[in-house]
Amino acid sequence: KIKAFAGTAVDIEFVIVTSDECMFRFTKGYSVLIILIVVDDVLSATNDNEFHRAFLDFLRTEFMVTDDECFNFFLGVGWDKKPDGSIIATQTVYIDRVIKRFNLKDHKPSCTPMESNFSVDESDLDENCDPKQLAWYQAAVGCTMYGMIWTKPEIVYHVNVLARYMTKPCPKLLKAAKKLLLYLKYTQLLGIRFSRDDPKGGWINTLSCYVDSSDGDDQITRRSTGGYALFFNSSPAAFQSMLQRLTTLSSCESELVQLSTTVQEIKHVRELLELLGFAQEAVKVFEDNQAAIRIAESPGSSRSKTKHVGRRFAFISESINAKEIVMLYIPTDDNLTDIFTKQLSHD
């Protein structure tokens with residue numbers, strides 16, 4: 001069905017925005033229509049309601065189509081449009097179902113997603129975990145992951161940590177997974193605000209990025225956890241926390257490794273936005289490690305200490321020179337991705 005729909009869209013001069021043929025854009029004069037295919041559902045956005053109705057009438061000649069008109073619930077996410085044009089995304093219904101599934105309705109909610117001193121050593125892991133506990137743990141982490149993807153970016157680090165041990169959960173990890181579920185219960189009314197502009201009066205239709213990394217925080221591999229958050233206006237558009245794939249020798253080096261990963265995502269999102277009609281200037285990338293910024297901007301300045309990973313630094317420098325990104329220093333306390341590399345405290 002997706003291929004048939006994609007073929008029809010192209011036939012009527014829609015432009016394919018993504019390589020997997022799930023997003024399309026049509027422009028005629030000042031009228032713009034964007035459609036997104038998710039399995040057998042189609043989301044559409046337009047600035048011309050009459051043109052949109054004509055498009056739906058055409059679709060009905062080719063496919064079985066029902067129009068819900070109001071966009072208020074989709075894929076387990078509630079979407080509440082506010083008078084100022086912003087949209088609040090929450091997963092109240094989904095989280096309620098998860099809490100019932102794991103029999104946590106009568107348990108006290110947790111105000112933090114993880115204990116502040118939580119860590120896992122190799123001796124903690126259970127190679128012969130009970131199959132029922134293993135299934136419970138995997139399901140619990142999967143449910144928190146779905147919440148994280150849509151409306152809970154603040155738990156991205158905690159989900160990442162738990163997901164590292166999907167086949168060897170020990171009592172400590174089982175307890176941590178339960179606590180994370182109870183945190184979802186505590187925050188189930190909270191979500192993400194998507195806005196057409198920046199309420200601080202700053203950038204409009206502009207991409208910006210925050211990036212950060214820990215320093216060898218994983219006790220088993222001694223690798224670092226890196227994270228980034230891409231914002232479109234003041235709204236999070238993409239975010240990630242992940243254990244780095246190589247062991248770095250300093251905090252500066254781990255920051256640069258994370259920067260190279262982040263620049264790859266920036267390039268992808270920049271291209272997507274440009275195809276949607278939102279061409280971007282150099283994306284502001286906020287980093288709290290001044291040494292990392294200096295090396296990224298002048299990779300030859302520390303060649304003797306960084307030559308073993310020089311290709312990554314050259315990749316970042318190339319993006320800076322092409323004016324795809326611009327590096328800006330930000331204090332750690334103001335770096336929004338600081339919570340993507342460590343436990344989230346109650347404060």
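Look a little higher up for the structure.
Per-chain numbering applies: the sequence of each chain, read as written, is numbered from 1 onward. The model is predicted, so local features are restricted to residues of pLDDT at least 70 and side-chain atom pairs to those at 80 or more, both for listing and for counting; the totals for chains, interfaces and linings are taken over all residues. Remark: hydrogens and water are excluded; side-chain values derive from all non-hydrogen atoms of the structure.

*Asks:* Lay out unusual backbone geometry with the relevant residues and their values.
*Replies:* With glycine set apart, most residues show a phi of negative sign, and most peptide bonds adopt trans. A positive phi angle, close to 55°, is found at Leu75, a residue other than glycine. Every helix listed is a DSSP run of H or I at least four residues long, and every strand listed is a run of E at least two residues long, numbered separately from the N terminus. When you line up the elements, Leu75 lands in the loop between β5 (73-74) and β6 (77-81). For every residue, the accessible area obtained with a 1.4 Å probe (protein chains only) is divided by the maximum for its type, and the residue is called buried under 20%, exposed over 50%, and partly exposed between those limits. Judged by relative accessible area, which is 34%, Leu75 ranks as partly exposed. Phi is positive for Lys323, which is not a glycine, with a value near 60°.

*Asks:* Go over helix α2 (residues 49-60) with me, naming the residues and quoting the values.
*Replies:* Along an α-helix, residues three or four apart share an orientation, since each turn contains 3.6 residues. Expected span of a helix: the number of residues minus one, times 1.5 Å. Over its twelve residues, α2 extends 17 Å from the first C-alpha to the last, a length consistent with the 16 Å expected when each residue adds 1.5 Å. Every buried residue of α2 is accounted for by Phe51, His52, Phe55, Leu56 and Leu59. Buried residues along α2 cover an arc of 140° about the axis, so they all sit on one side. Under the rule applied, a polar contact is a pair of N or O atoms within 3.5 Å (in protein, one hydrogen donor and one hydrogen acceptor; residues adjacent in sequence only if both atoms are side-chain atoms). N-capping of α2 is provided by Asp48, with a side-chain oxygen placed 3.2 Å from the backbone N of Glu50. When we speak of the arc, we mean the arc of directions from the helix axis to the C-beta atoms.

*Asks:* Requested: an account of the sheet that holds strand β2 (residues 23-28), with residues and values cited.
*Replies:* A pair of strands is labelled paired if DSSP reports no fewer than 2 bridges between them. Spatially, the four strands line up as an open sheet ordered β1-β2-β3-β4, and their pairing is antiparallel. Each edge of the sheet is formed by a strand with only one pairing partner; in this case those strands are β1 (15-16) and β4 (41-46). Relative to β2, β1 runs antiparallel, the two being bridged by two bridges. Each bridged residue has a counterpart across the sheet, and for Ile16 the counterpart in β2 is Phe24. Docked against the sheet, α2 engages β2, β3 (31-38) and β4, running at close to 45° with respect to β3. By definition in these notes, contact holds between two residues if any of their heavy atoms fall within 4.5 Å. Where helices are involved, their axes are fitted lines through C-alpha atoms of the stretch in contact, as for all axes, and angles between N-to-C directions lie from 0 to 180°.

*Asks:* Describe the packing of helix α4 (residues 131-151) against helix α5 (residues 156-163), naming the residues involved and giving the relevant values.
*Replies:* Any two packed helices are characterised by the angle at which their axes cross and by the distance between the axes. It is the contact of α4 with α5, at a shortest axis distance of 10 Å, that shows an interaxial angle of 155°. Considering their axes alone, α4 and α5 lie roughly antiparallel with respect to each other. Classified by chirality, the crossing of α5 by α4 is left-handed. On the side of α4, the interface is formed by Tyr137, Val141, Thr144, Met145 and Met148, while α5 contributes Val156, Val159, Leu162 and Ala163. Oblique is the label for any angle not under 35 degrees, not over 145, and not in the 65 to 115 range, which are roughly parallel, roughly antiparallel and roughly perpendicular in turn. Handedness of a helix crossing follows the sense of rotation of the near helix relative to the far helix, less than a right angle counterclockwise being left-handed and clockwise being right-handed.

Distances and angles like these do not, on their own, reveal function.
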